[in-house]
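# Descriptive structure summary
So the chains spell out like this:
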Amino acid sequence: MEYDVRSIDLAADGKKRIEWADRNMPVLARIRERFAQERPLAGLRIACCLHVTSETANLVRTLKAGGGEVLLCASNPLSTQDDVAAALVAEYQVPTFAIKGEDNKTYYRHIIAACDHKPHVTMDDGCDLVFTLTRDRADDAANVIGSMEETTTGVMRLRAMEAKGELKFPVVAVNDADCKHLFDNRYGTGQSTLDGIIRATNTLMAGKKVVIAGYGWCGRGTATRARGAGSNVIITEIDPLRAIEAAMDGFLVMPMAEAARVGDLFITVTGNKNVIRREHFEVMKDGAIVCNSGHFNVEVDIPALELLSNNVRKGVRRFVDAYQLTSGRTIYLLAEGRLVNLAAAEGHPAAVMDMSFAVQALTTEWVVRNRDNLDVRVHDVPHEVDEYVAAIKLQTMGIRIDTLTDEQVKYLASSDMGT
Ligand SMILES: NC(=O)c1ccc[n+]([C@@H]2O[C@H](COP(=O)([O-])OP(=O)(O)OC[C@H]3O[C@@H](n4cnc5c(N)ncnc54)[C@H](O)[C@@H]3O)[C@@H](O)[C@H]2O)c1
């Protein structure tokens, strides 16, 4: 079996970590049990380009239990848990191509390894695998039955490809399922982004002025968690509706040009580029901390920071680089501007990935079962998948809810409600 991981000797630690995560992934475990009996993915090669974490390992185990021949490569150069990658190879016999801190060349070599697997099904977090297959590997793309996309930025890329007529096979916007973005993007990114910042810096959140760029699902979660930790939160937005929502949720809203002058800690979660750039760095306080939790490392204009500091950068802690500006002030950049929650912490907690990856597993089964009927476009996750995952998650949380009485069913379907 071919693979490329940091060191296979890390496997024992990785296995413990995977098992720890598994304890908090009961919905996925239930699907894994059924998959082991029914083998809905038998005979299919599956290539996953995902963050290589303990939660992903449990998804991969589920796809394998379903009969899939699974290969895994990293979806970000800095998000890999090296011990988990080693355990996947040594303990679960999954060809894995991922090394934390790999350079761009290695990152793309690993994606090519996923293409060489000649997948029938693919899974992406950010669309790099589908993009590479479509652009460079037309023959291999022709074999693909369908593909699942995990994150907002990946779905945006797929919709852009669809609009240009570039899609070669059906894809499913897993990110857009309710059981994914409502919980994973909000509570998962919210908590783990602060976790990454705190682990990297040991900074005190209480009393800090925290500027969050973007009040989407990730931004809402991050803002709420920062407020809960005692920070004064400022939101920047470009969408009037989201800005009103942030204001009515009780946050200060202002343009980045103003926020840059007052903030102590800056977090971007927009999916956009150059959200914090030269004119903002120029007015930031000495000691300001800047980081990103959006998918790509383009939200913070790092080349501008390099220019302003004549490229004088010092690693002062793990995942903290100090840029000494020619003005004399210092700006700290975390995790090289990459997803801070995955680079400096462990990404989302398993309990929330349980829902996202249950959706991934069931959607994969749905794509395989409906392979002859799916047209080449961006599909939504079927509503039954969301309903099933929500119902089982609630059950595993020990929460029961009411059901409609017959009278209520009739009432809700009637037009004479007031009588
Ligand atoms: N760190 C993680 O683990 C993680 C998890 C899920 C999603 N993501 C990524 O986070 C990013 C955001 O995802 P989301 O689900 O919150 O998306 P979203 O579309 O719900 O929200 C993005 C928000 O950013 C705003 N925005 C865009 N450009 C802006 C700018 N220049 N200044 C201020 N605001 C701007 C948009 O108006 C929108 O409200 C994406 O790249 C996504 O892939 C990361």
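Here's what I pulled together on the structure shown here. Note that the coordinates shown come from a computational prediction; the quantities given were computed from them, not determined experimentally.

### What about the overall build of the protein?
Of regular secondary structure, the protein possesses 18 helices and 15 strands. Since a compact globule built from 419 residues should have a radius of gyration of about 22 Å, the 22 Å found for the protein is in line with a globular shape. For the C-alpha atoms alone, the extent of the protein along its principal axes is close to 70 × 65 × 45 Å. Per-residue burial over the protein gives 56% buried out of 419 residues. Excluding contacts between residues fewer than 6 apart, the proportion of contacts in the protein whose partners are at least 24 apart in sequence is 72%.

### Digging into the site of the ligand
The immediate surroundings of the ligand are formed by 27 residues, with T151, T152, T153, E237 and R242 found nearest. Within the backbone of C218, an N or O atom sits 2.9 Å from an oxygen atom of the ligand. Between an oxygen atom of the ligand and a main-chain N or O atom of H295, the distance comes to 3.0 Å. When the ligand sits alone it has 870 Å² of accessible area, and the protein chains cover 88% of it. Looking at the shell around the ligand, the elements that each hand over two or more residues are α8 (152–163), α9 (178–201), α10 (217–228) and α15 (340–343). Grouping the constituent residues of the shell around the ligand by class yields eight nonpolar, 16 polar and three charged.

### Some details on the pattern of salt bridges
A full pass over the atoms with the stated rule returns 28 salt bridges. Note that E346 is salt-bridged to R199, the shortest N-O span being 3.0 Å. Linking E346 in the loop between α15 and α16 (350–369) with R199 in helix α9, this pair joins segments that are 147 residues apart in sequence. By relative accessible area, E346 is classed as partly exposed at 33%. Salt bridges here are not isolated pairs; linked through shared partners, they connect R17, D83, D195, R199 and E346.

### Things to note about the sheet that holds strand β3 (residues 96–97)
With parallel pairing, seven strands are arranged side by side in an open sheet as β3-β2-β1-β4-β5-β6-β15. Looking at strand neighbours, the two that pair on one side only are β3 and β15 (378–379), the edges of this open sheet. Across six bridges, the pairing between strand β1 (residues 45–50) and strand β2 (residues 69–74) is parallel. Looking at β2, one finds that C48 is bridged to L72. Together, β1, β4 (121–124) and β5 (146–149) form the strand contacts of helix α6 (residues 128–136), whose direction differs from that of β4 by roughly 130°.

### What to know about the nonpolar core
Within the largest apolar cluster, 55 residues are counted, with the highest numbers of intra-cluster contacts made by L88 and V389. A total of 11 residues in this core trace back to one element, the largest contributor, which is α16. Not counting residues up to four positions away in its chain, the partners in contact with L88 are V52, A57, V60, L72, Q93, V94 and T96.

### Things to note about helix α17 (residues 383–396)
Look at α17: 20 Å from first C-alpha to last across 14 residues, which is about the 20 Å you get at 1.5 Å a residue. Among the structural elements, α2 (26–38), α9 and α16 are those in contact with the buried residues of α17.

### Some remarks on the environment of L325
If you trace the backbone, L325 turns up in the loop between β13 (320–324) and β14 (330–334). Residue L325 is classed as buried on the basis of its relative accessible area, which comes to 5%. Sequence separation between L325 and R313 is 12 residues; the distance between their C-alpha atoms is 9.3 Å. Once residues lying within four places of it in the same chain are set aside, the contact partners of L325 are F281, L305, L308, S309 and I331.

### Here's the deal with the packing of helix α5 (residues 104–116) against α6
Relative orientation and spacing of two packed helices are given, respectively, by the angle between their axes and the distance between those axes. Taken N-terminus to C-terminus, the directions of α5 and α6 make an angle of 70°; their axes are 10 Å apart at the nearest point. On the basis of the axis angle, α5 is roughly perpendicular to α6. Crossing geometry of α5 relative to α6 is assigned as right-handed. Across the interface between the two elements, Y107, Y108, I111, I112, A114 and C115 of α5 pack against D128, L129, T132 and L133 of α6. Class assignment of the residues belonging to the contact of α5 with α6 gives a composition of eight nonpolar, one polar and one charged.

### A short note on the sheet that holds strand β11 (residues 288–292)
Taken in spatial order, the eight strands of this open sheet run β9-β8-β7-β10-β11-β14-β13-β12, and their pairing is mixed. The open sheet is flanked by β9 (252–253) and β12 (313–317), the only strands paired with a single partner. Both β11 and β14 contribute to a ladder of three bridges, which runs parallel. Paired with A288 across the bridge in β14 is I331. Docked against the sheet, α9 engages β10 (265–268), β11, β12, β13 and β14, running at close to 135° with respect to β10.

Scoring rules and cut-offs
Residues numbered from 1 in each chain as written. Predicted model: local features only at pLDDT ≥ 70, side-chain atom pairs only at ≥ 80, totals over all residues. Heavy atoms only, no water. Helix = DSSP H or I, 4+ residues; strand = E, 2+ residues; numbered from the N terminus. Rg over C-alpha atoms; globule rule 2.2 N^0.38 Å. Buried < 20%, exposed > 50% of the residue type's maximum accessible area, 1.4 Å probe, protein only. Contact = heavy atoms within 4.5 Å. Near = heavy atom within 4 Å. Polar contact = N/O pair within 3.5 Å; in protein donor to acceptor, adjacent residues only side chain to side chain. Areas by Shrake-Rupley, 256 points an atom, 1.4 Å probe, with all protein chains shown as cover. Nonpolar A, V, L, I, M, F, W, Y, C, P; charged D, E, K, R; others polar. Salt bridge = Lys/Arg side-chain N within 4 Å of Asp/Glu carboxyl O. Pairing = 2+ DSSP bridges. Axes fitted to C-alpha atoms, helices over the stretch in contact; angles between N-to-C directions. Core = buried A, V, L, I, M, F, W, Y, C linked by side-chain atoms within 4.5 Å. Expected span 1.5 Å × (residues − 1). Parallel < 35°, antiparallel > 145°, perpendicular 65-115°, else oblique. Left-handed = near helix turned anticlockwise from the far one by under 90°.

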